[in-house]
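Commentary on secondary and tertiary structure
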Amino acid sequence: MLIPGFLVRGKVRRDHGGEGFRASDIGAATARVLLCLGEMGAEYELVPVDFFTREQKSPHHLARNAFGLVPVLEDGDLLLFESRAIARYVLRKYKSSGPDLVREGSLEESAMVDLWLEVEAQQYEKGILPIFFQIMVVPVLYGGVPDEKLVADGVEKLVKVLDVYEARLSQSKHLAVDFVSLADLSHVPFAHYIMATPCASLFQSRPHAKAWWDSLASRPACKKVTAALLT
Amino acid sequence: MVVKVYGKAQAVCPQRVMHCLMEKGVPFELVHVDIDTMEHKRPEFLQKQPFGQVPYIVDGDLELFESRAIVRYLAAKYADRGPNLLGRTPEERAKVEQWLDVEAINYNPWAFPIVFNLLVLPIRGLPANEAEAGAAVDKLNKVLEVYEKQLSKTKYLAGDEFTLADLTHIPATRYIVENCGLSHLLDDKKHVKAWWEDITARPAWKKLSSFVETGGSNYSP
């Protein structure tokens, strides 16, 4: 069984374009980046970071990310961390080879992408992460039982966020603009995990949020990455 | 038409936005939102900011919330004036984005409970969660140790120029240092302390501090 954020099964693809990538391949943050690389058809090499041996806190990893987190991107001399910053960099760099996911051509549109990406990072993740951790990680990794109060707190936060999304998505086909953007895609990894839990109903019971999720999940790049997230 | 910033002057997130406007020399009007009477949770406000938080801005036809999205927008819109706040190359820009996210995801989660428990709740005469504040202080200290390493290599977080990545830290950190009795968190870190003294000496930040203290509502450069 794959455990989110931990062991990787081997390398993924040989690098041709000089872009190295060091990460565990199934953490949500890593998936976020892989998704963007996939949307742009960018080549990358995935290098595992072994959480079981706490490789993420080893000196050689800390030299890349002093916070001891994954993923980290290496592109030539550039070392970058924080998955959304990496995603923005990759999407700008490869903008001519895929959909326009950051909308830089318009100040107003790119501002909307930034806005809903902040909402994803600040509001959405705060609700969904404890649900994911308690339901999917605690039993598998710690052999424990989910803390129902933490799940309930997460659900309460997530419900508020999804209510806002439902209203927003009744006005706009996607969160930031009518077209899909990084702001939408950033939601995919955790949403995918949650769909395997009873909390899927939080999305399914909201028609616009459901349609939005269905359209994201059906994108070829999303299918490819989410297939690696869970077994 | 002047940019309108809706929020409370003393609040951290509106200060981030106003500081950015002052760095760029862009006039604005601060429209006071009365947090104390829960104006930000009323339906009219929620129409503009559905999470019931400040600030939001109105710039012509554009309405925007989330202070870090707003400052990115302002820095891009006014790229031609004032300091360069976004980096000059794609790689520099990426570093700015990285440290903006570090502030949002690794720094703010500890800065916020410190300011909330040690400053905001006492002002409101409400009991604070000392344990939560204490735990947050320990976490923030560890984060600042990482900043110390970075700032021993670069003058500012994202490189050798002041950018949005430094700017977004200032309002909350000011309260931590000046109002929560926690200046020692920075004082024992040589490079963090030097960085802090430098960024808070910026004329635009001093202007913003004075604007807040004097109850300003209209700014013109």
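Up top is the structure these notes are about.
Below you will find a few notes about this structure. Everything quoted here is computed from the prediction, not taken from an experiment.

On inspection of all chains with the given rule, the structure shows 22 aromatic pairs over all chains. Ring centres of Phe81(A) and Trp99(B) lie 6.0 Å apart, and the angle between their planes is 70°; on these two criteria the pair is classed as edge-to-face. Within this pair, whereas Phe81(A) is found in strand β4 (residues 78–81), its partner Trp99(B) is found in helix α4 (residues 90–123), the two belonging to separate chains. Residues Phe81(A) and Trp99(B) agree in their burial class; the two are buried. Taken together, the ring pairs in this structure connect Phe67(A), Phe81(A), Trp99(B), Tyr107(B), Tyr147(B), Trp195(B) and Trp196(B) into an aromatic cluster. The side chain of Arg174(B) reaches across the aromatic face of Tyr175(B), ending 5.2 Å from its centre. The ring of Phe162(B) carries Arg202(B) above its face, with NZ or CZ at 3.7 Å from the centroid.

Time to look at the nonpolar core. Formed by 142 residues in total, the largest nonpolar core has its most connected members in Trp116(A), Tyr165(A), Phe28(B) and Tyr147(B). Broken down by element, this core gets its largest block of residues, 13 residues, from helix α4 (residues 107–141) of chain A. Dropping the residues within four chain positions of it, Trp116(A) is found in contact with Val164(A), Tyr165(A), Arg168(A), Leu175(A), Ala176(A), Ala183(A), His187(A) and Phe65(B).

So, on to unusual backbone geometry. A cis amide bond links Val70(A) with the next residue in sequence, Pro71(A), at an omega value of 0°. The topology assignment puts Pro71(A) in the loop between α2 (59–62) and β3 (72–75). Residue Pro55(B) follows Val54(B) across a cis peptide bond; omega there is 0°. Positive phi is not limited to glycine here, since Arg103(A) has a value of about 55°. With respect to the helices, strands and loops of the structure, Arg103(A) is situated in the loop between α3 (83–93) and α4. The backbone of Met38(B) shows a phi angle near 60°, a positive value even though the residue is not glycine. On the secondary structure map, Met38(B) appears in the loop between β2 (28–32) and α2 (43–48).

The rules behind the values
- Residues numbered from 1 in each chain as written.
- Chains lettered and ligands numbered in written order.
- Predicted model: local features only at pLDDT ≥ 70, side-chain atom pairs only at ≥ 80, totals over all residues.
- Heavy atoms only, no water.
- Phe/Tyr/Trp six-rings, centres within 6.5 Å; stacked < 30°, edge-to-face > 60°.
- Helix = DSSP H or I, 4+ residues; strand = E, 2+ residues; numbered from the N terminus.
- Buried < 20%, exposed > 50% of the residue type's maximum accessible area, 1.4 Å probe, protein only.
- Lys NZ or Arg CZ within 6 Å of the ring centre and 35° of its normal.
- Core = buried A, V, L, I, M, F, W, Y, C linked by side-chain atoms within 4.5 Å.
- Contact = heavy atoms within 4.5 Å.

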